[in-house]
Protein chains: 2
Amino acid sequence: MTSTEIPDIVVGRLPIYLRALSRLSLEGVKITSSKELGERLGISSAQIRKDLSHFGEFGKQGTGYKIDFLIEQLRRILKVDRDWEVALVGVGDLGRALAHYNGFRDRGFHISLIFDNDPSKIGTTLNGFQIYDSAQASEMIQQHGIRLAMVAVPAEAAQSVTEALVKAGVTGILNYAPINLSVPEGVHVQYIDPVVHLQRMTFYV
Amino acid sequence: MTSTEIPDIVVGRLPIYLRALSRLSLEGVKITSSKELGERLGISSAQIRKDLSHFGEFGKQGTGYKIDFLIEQLRRILKVDRDWEVALVGVGDLGRALAHYNGFRDRGFHISLIFDNDPSKIGTTLNGFQIYDSAQASEMIQQHGIRLAMVAVPAEAAQSVTEALVKAGVTGILNYAPINLSVPEGVHVQYIDPVVHLQRMTFYV
């Protein structure tokens, strides 16, 4: 089954399943069920079974899922059974926090090229990596064959940075700038904006 | 119409509309259409009209939306026409970046109580606010009547921190720890985990 046939909302739940399964595995659990997983995640067991059925058979009715096996399969499906290099553009407080975050490497990602346009930052190192001039981003990302990038620049700069990334061959962008990006077909953007999440909750509070 | 009658997915799009409208307003635009807004956001104009129709009539067919009026209405609907105090638990790199982030205050949020359990951090200040001992979080949050919190602690600590927050009366939690939280009914959790977003994109790359 090709990626275009799987609903995007299903793809979006797979990393959540993978995270919960990895947690269970860390806790020493070997077998789980769609019911147990669903209770942990607040998702119905039927939904989990249906989502996984897009990709094959991962457990037998009544015996549950072997956690390590399902982790391995999900990692293969999501293509995180390998390491991905990621470019980071923007070394403000957030970019700095992202560069130091240990959670990426454990889960398949590795920030290996860092850019900023502030002359006082260019040439210094961050978490062992040199900070390069954003003006070099297109060329260097292309040279390194990097396909994923995080954008942590101010809103005003995000669209032009994105255009440079796309030109360099980046097809997956994690955008922290509080602005919607315009990208050509085939380029995926995911957004992280804490205010959007907070505003969604104040509606209910 | 009460909040329980509006699909959560619709509520989730309102902050995105608000953000795009605020951007247009900043650019000096006065009037927009569901078509223009939809093109900016990659959402169909019919979807936007349908979402907004849950809350009333915000524009006339053919004349478009008055941006400042629609912003005001969305702010009222989302209850961000007032300021919200937010507690932050966890002052690692990420917590520090969150405390320094200017984008909260402009959009209705104000990190005003900060906690950590590291004795070397307790009593120091961050962005002008004193860092208090996490052990005091329940009591202090209750005293201040704070309903929103951000959790930026390691995965291992997130569930127990959450329980203390819920006990203190917090009903909206923005969780940065890479773990699913278990909360009683009536408490809303939103998750930010960059790896989940990256893994969702590697599926397609």
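Residues numbered from 1 in each chain as written. Chains lettered and ligands numbered in written order. Predicted model: local features only at pLDDT ≥ 70, side-chain atom pairs only at ≥ 80, totals over all residues. Heavy atoms only, no water.

Visitor: Please set out the overall build of chain A residue by residue, giving values where relevant.
Guide: Helix and strand content of chain A: nine helices and ten strands. Its C-alpha atoms give chain A principal-axis dimensions of roughly 60 × 40 × 35 Å. Excluding contacts between residues fewer than 6 apart, the proportion of contacts in chain A whose partners are at least 24 apart in sequence is 54%. Of the roughly 9,600 Å² that chain A leaves accessible, carbon and sulfur atoms contribute 50%. Counting 21 positive and 22 negative side-chain charges, chain A places the centres of these two groups 8 Å from one another. (Helix = DSSP H or I, 4+ residues; strand = E, 2+ residues; numbered from the N terminus. Contact = heavy atoms within 4.5 Å. Areas by Shrake-Rupley, 256 points an atom, 1.4 Å probe, with all protein chains shown as cover. Lys, Arg positive; Asp, Glu negative; His and termini not counted. Charge placed at Lys NZ, Arg CZ, Asp CG, Glu CD.)

Visitor: Outline the packing of aromatic side chains, listing residues and values.
Guide: Throughout the structure, instances matching the rule amount to eight aromatic pairs over all chains. Here the aromatic rings of A:Phe203 and B:Phe55 are separated by 6.3 Å at their centres, their planes lie at 90°, and the arrangement is edge-to-face. You can see A:Phe203 sitting in the segment after helix 9 (194-202) and its partner B:Phe55 sitting in the loop between helix 3 (45-53) and strand 2 (59-60), one on each of two chains. Here the two residues A:Phe203 and B:Phe55 agree in accessibility, since each one is buried. Between B:Phe115 and B:Tyr132, the aromatic rings sit 6.3 Å apart at their centres with planes inclined by 45°, giving tilted as the arrangement. In this pair, B:Phe115 is assigned in strand 5 (residues 109-116) and B:Tyr132 in strand 7 (residues 129-133), connecting sequence segments 17 residues apart. Classification of B:Tyr132 by relative accessible area gives partly exposed; the value is 26%. Chaining the aromatic ring pairs together yields one cluster made of A:Phe55, B:Phe203 and B:Tyr204. (Phe/Tyr/Trp six-rings, centres within 6.5 Å; stacked < 30°, edge-to-face > 60°. Buried < 20%, exposed > 50% of the residue type's maximum accessible area, 1.4 Å probe, protein only.)

Visitor: Kindly report on the relation of the copies chain B and chain A, identifying the contributing residues and their values.
Guide: The two copies are related by a screw operation: chain B maps onto chain A through 180° of rotation and 0.0 Å of translation along the axis, at an RMSD of 0.0 Å. What the rotation and shift describe, once combined, is the action of a two-fold rotation axis. Here 100% of the interface residues in chain B have copies in chain A that are interface residues too; the copies meet face to matching face. (Least-squares fit on C-alpha atoms with pLDDT ≥ 70 in both.)

Visitor: Go over the sheet that holds strand 7 of chain B, please, and point to the residues and values.
Guide: Residues and elements named next belong to chain B. With mixed pairing, the seven strands of this open sheet are ordered in space as 6-7-5-4-8-9-10. Each of the sheet's edge strands pairs with one partner strand only, and the pair in question is strand 6 (125-126) and strand 10 (188-191). Strand direction decides the pairing type here: strand 4 (residues 84-89) and strand 8 (residues 148-151), joined by four bridges, are parallel. Bridge pairing in strand 8 places Ala 87 opposite Ala 149. Relative to strand 5, helix 7 (residues 137-144) is tilted by about 155°, and along the sheet it contacts strand 4, strand 5 and strand 7. (Pairing = 2+ DSSP bridges. Axes fitted to C-alpha atoms, helices over the stretch in contact; angles between N-to-C directions.)

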